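Fold and geometry: a report
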Amino acid sequence: MADIDNLFGKAISEIERMLNTKTVVGEPITVEGNTLIPLISVGFGFGVGAGEGTDPKKGGGTGTGGGAAGGGGVKPVALIIINKDGVRVEPVKGGAASLLDKIADVAGKFAPNKPTAA
């Protein structure tokens, strides 16, 4: 069953390509003197199968088949915030939109107050 070995090897190679430190720890973002580093949760699953056989109803013909499938997902789980006050970790609840809200919130807390018109 060389086909199954080939399919399995390709699936593992793709998983290894996807999983690296940049997948779990995002690129730092600097906003108003704050360095924000997103932390990401990665999940995936995959399956590989193959088979061969004969069909007595069709004159004893033989055949082989195989397949591979997979799926995965990523979601932000926390944000490391580094600034003049130190380092802290803020959890993110609710996905990517919450991560963007958290970044905007952090930037807003440290943005200089702008005078308002009278």
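Every chain's residues receive numbers from 1 upward, in the order its sequence appears when written. Note on the predicted model: pLDDT of at least 70 is required for a residue's local features to be given, and 80 or more for side-chain atom pairs to be given and counted; whole-chain, interface and lining totals, by contrast, use all residues. Calculation of side-chain values draws on the structure's entire complement of heavy atoms; hydrogens and water are dropped beforehand.

As a further point, take the overall build of the chain. Helix and strand definitions follow DSSP, with helices as H or I runs of at least four residues and strands as E runs of at least two, each counted in order from the N terminus. In terms of regular secondary structure, the chain is built from 3 helices and 4 strands. Counting all 118 residues of the chain, 18% fall into the buried class. Here the open area of atoms and residues is found with the Shrake-Rupley method and a 1.4 Å probe, where only the protein chains shown may cover a residue. In the structure as shown, the chain presents an accessible area of about 8200 Å², 58% of it carried by carbon and sulfur atoms. Burial status follows relative accessibility: with a 1.4 Å probe on protein chains alone, a residue under 20% of its type maximum counts as buried, one over 50% as exposed, and anything between as partly exposed.

The next thing to look at is the sheet that holds strand 4 (residues 86-91). Two strands form a pair only when DSSP identifies at least two bridges running between them. Strand order in this open sheet of 4 strands is 1-2-3-4, and the pairing throughout is antiparallel. The sheet terminates laterally at strand 1 (29-31) and strand 4, the two strands that pair on one side only. Averaged over all pairs of adjacent strands, the angle between strand axes in this sheet comes to 30°, irrespective of strand direction. Pairing geometry for strand 1 and strand 2 (residues 34-55), over 3 bridges, is antiparallel. In the sheet register, threonine 30 faces strand 2, and the bridge partner there is threonine 35. The convention used is that axes are lines fitted to C-alpha atoms, helices contributing only their stretch in contact, and that angles between N-to-C directions extend from 0 to 180 degrees.

To continue, consider the environment of alanine 68. If you trace the backbone, alanine 68 turns up in strand 3 (residues 61-83). With a relative accessible area of 47%, alanine 68 lands in the partly exposed category. Considering only alpha carbons, one finds alanine 68 and leucine 7, 61 residues apart in sequence, at a separation of 6.4 Å. Throughout, a residue-residue contact means that at least one pair of heavy atoms, one from each residue, lies within 4.5 Å. Setting aside chain neighbours within four positions, we find alanine 68 in contact with Leu7, Gly47 and Val48.

By secondary structure assignment, the location of asparagine 83 is in strand 3. Owing to a relative accessible area of 12%, asparagine 83 belongs among the buried residues under this scheme.

Counting through the fold element by element, asparagine 34 comes out in strand 2. A 3.5 Å cut-off defines polar contacts: any pair of N or O atoms within that distance qualifies, except that in protein one atom must be a possible hydrogen donor and the other a possible acceptor, and neighbouring residues in sequence count only when both atoms are side-chain atoms. Among the polar contacts listed, one links the side chain of asparagine 34 to the side chain of asparagine 83, at a separation of 3.0 Å.

With respect to the secondary-structure elements, threonine 35 resides in strand 2. Sequence-distant contacts of threonine 35, that is, excluding residues within four places in its chain, are made with Pro28, Ile29, Thr30, Ile80, Ile81 and Ile82.

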